Amino acid sequence: FPYTTLFRSVAQWNYCLSLAKGEWIVMASDDDIYNQEYLMEMIRLSEEYPDNEVFHCNMMQIDNNGEITEICPQISEHENWIQNAYYRLTYKRTEAFQDYFVRAKKIKEIGGFIDFPLATGTDVATILTVTGYKDIICSSRYLFKWRNNGNNISSNHLTCKTRIWACEQMFDWITNHFENYNDLEDDVTDWIKNRFISDIKQKAMSTEQFLVQQMPLKHLKELIKLDPWPFELLSRDYVIRNRYVRIKNKVFSRK
């Protein structure tokens with residue numbers, strides 16, 4: 001892949017983690033906005049639930065001008081990792097790792113942030129591993145605004161191939177990890193278990209298809225030639241058909 005410099009996203013996170021001296025970490029981005037009471041609320045929750053490792057708040061999404069484009073659904077104060085993974089990975093709500101408040105030593109104990117290309121899925125995998133059998137605690141207050149400006153790695157068409165690869169790795173990780181937590185039992189968790197793998201697989205395939213549709217034609221040509229074929233969920237025939245249709249549409253649009 002031609003984007004090797006971008007593969008160092010997680011290496012950068014882990015370097016920052018090695019410099020952290022405090023008890024808690026927040027992976028803040030310079031273009032997002034925190035309410036001035038965010039840290040006070042996170043500290044309050046961590047004192048109320050001293051045995052938990054992961055805290056966060058409800059959030060809004062904003063554009064380049066700071067205008068609110070989405071208010072994410074309210075999240076319950078207590079949520080186990082299966083519920084968190086299901087709602088995030090099936091896109092039933094938007095979340096950003098930047099609003100998470102995590103005990104630093106717990107991330108260090110698992111060897112740092114779990115590495116996927118371009119950090120795609122790194123937040124989900126790391127949070128779930130750190131959380132283990134404990135609940136993720138969420139404040140009901142909207143104390144964080146995540147800026148989706150179109151220039152994020154997750155919305156950059158130049159990273160499409162790499163993100164498809166990362167989606168495959170993330171899907172394998174989550175399905176393997178899921179098997180280790182079969183003793184979490186309640187009505188919600190049981191329902192999610194019955195739907196989890198099929199829904200995640202369907203959404204992973206939809207994500208891959210979307211990324212292919214956004215990929216430049218010259219990169220699709222390279223992708224089609226890859227041998228062995230690197231993807232389990234996305235077929236070579238789908239990519240070939242997509243490239244053919246886009247070339248045909250491009251030709252007709254010029255007439």
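A quick note: this is a predicted structure, and the numbers were derived from the prediction, not measured. (Residues numbered from 1 in each chain as written. Predicted model: local features only at pLDDT ≥ 70, side-chain atom pairs only at ≥ 80, totals over all residues. Heavy atoms only, no water.)

### Describing the packing of helix α3 (residues 81–89) against helix α5 (residues 122–131)
Point 1. The geometry of α3 relative to α5 is characterised by a closest axis approach of 10 Å and an angle of 170 degrees between their N-to-C directions. Taken together, the axes of α3 and α5 are roughly antiparallel relative to one another. From α3, Trp 81, Asn 84, Ala 85, Arg 88 and Leu 89 reach across to α5, where they touch Asp 123, Val 124 and Leu 128.
Point 2. Here the residues of the contact of α3 with α5 sort into five nonpolar, one polar and two charged. (Axes fitted to C-alpha atoms, helices over the stretch in contact; angles between N-to-C directions. Helix = DSSP H or I, 4+ residues; strand = E, 2+ residues; numbered from the N terminus. Parallel < 35°, antiparallel > 145°, perpendicular 65-115°, else oblique. Contact = heavy atoms within 4.5 Å. Nonpolar A, V, L, I, M, F, W, Y, C, P; charged D, E, K, R; others polar.)

### Remarks on the pairing of strand β4 (residues 68–71)
Point 1. Pairing between strand β3 (residues 54–62) and β4: three bridges, direction antiparallel. Paired with Ile 62 across the strands is Ile 68, a residue of β4.
Point 2. Following β3, the chain reverses through five residues before pairing antiparallel with β4; Gly 66 in that reversal takes a positive phi of roughly 85 degrees. (Pairing = 2+ DSSP bridges.)

### Some details on empty space enclosed by the protein
Point 1. Enumeration according to the criterion identifies one cavity of 30 Å³ or more in this entry.
Point 2. In this structure, the largest cavity occupies an estimated 30 Å³ of space.
Point 3. In terms of lining residues, the largest cavity is bounded by His 56, Cys 57, Asn 58, Met 59, Cys 72, Pro 73, Ile 75, Thr 94, Glu 95 and Asp 99.
Point 4. A class-by-class count of the residues in the lining of the largest cavity yields five nonpolar, three polar and two charged. (1 Å grid on protein atoms, 1.4 Å probe; cavity = no way out; pocket = protein on both sides within 12 Å on 5 of 7 lines; lining within 4 Å. Points joined across faces, edges and corners; volume = space filled by probe spheres on them.)

### Considerations on α3
Point 1. Counted residue by residue, α3 has eight buried out of nine residues, so it is predominantly covered.
Point 2. Residues of α3 that are buried: Trp 81, Ile 82, Gln 83, Asn 84, Ala 85, Tyr 86, Arg 88 and Leu 89. (Buried < 20%, exposed > 50% of the residue type's maximum accessible area, 1.4 Å probe, protein only.)

### Things to note about helix α2 (residues 38–48)
Point 1. Of the positions making up α2, those classed as buried are Tyr 38, Glu 41, Met 42, Leu 45 and Ser 46. Within α2, the buried residues cover an arc of 135 degrees as seen down the axis, which keeps them to one side. Counted as exposed and oriented over 90 degrees from the buried face of α2: Met 40 and Glu 47.
Point 2. Packing partners of the buried residues in α2 comprise β1 (24–25), β2 (33–34), β3, β6 (101–103) and β7 (136–147). (Arc of directions from axis to C-beta.)

### Quick notes on the pattern of salt bridges
Point 1. Scanning the entire structure with this criterion turns up 10 salt bridges.
Point 2. Across the pair Lys 134 and Glu 53 runs a salt bridge whose closest N-O atoms are separated by 2.7 Å. Of this pair, Lys 134 sits in the loop between α5 and β7 while Glu 53 sits in the loop between α2 and β3; the two residues are 81 residues apart in sequence, bridging distant segments of the chain.
Point 3. Among the residues examined, Glu 53 registers a relative accessible area of 6% and is labelled buried.
Point 4. Glu 95 is the salt-bridge partner of Arg 93, the closest N and O atoms lying 2.4 Å from each other.
Point 5. Here the salt bridges share partners, and the residues they tie into one network are Glu 37, Glu 41, Arg 44, Glu 48 and Arg 141. (Salt bridge = Lys/Arg side-chain N within 4 Å of Asp/Glu carboxyl O.)

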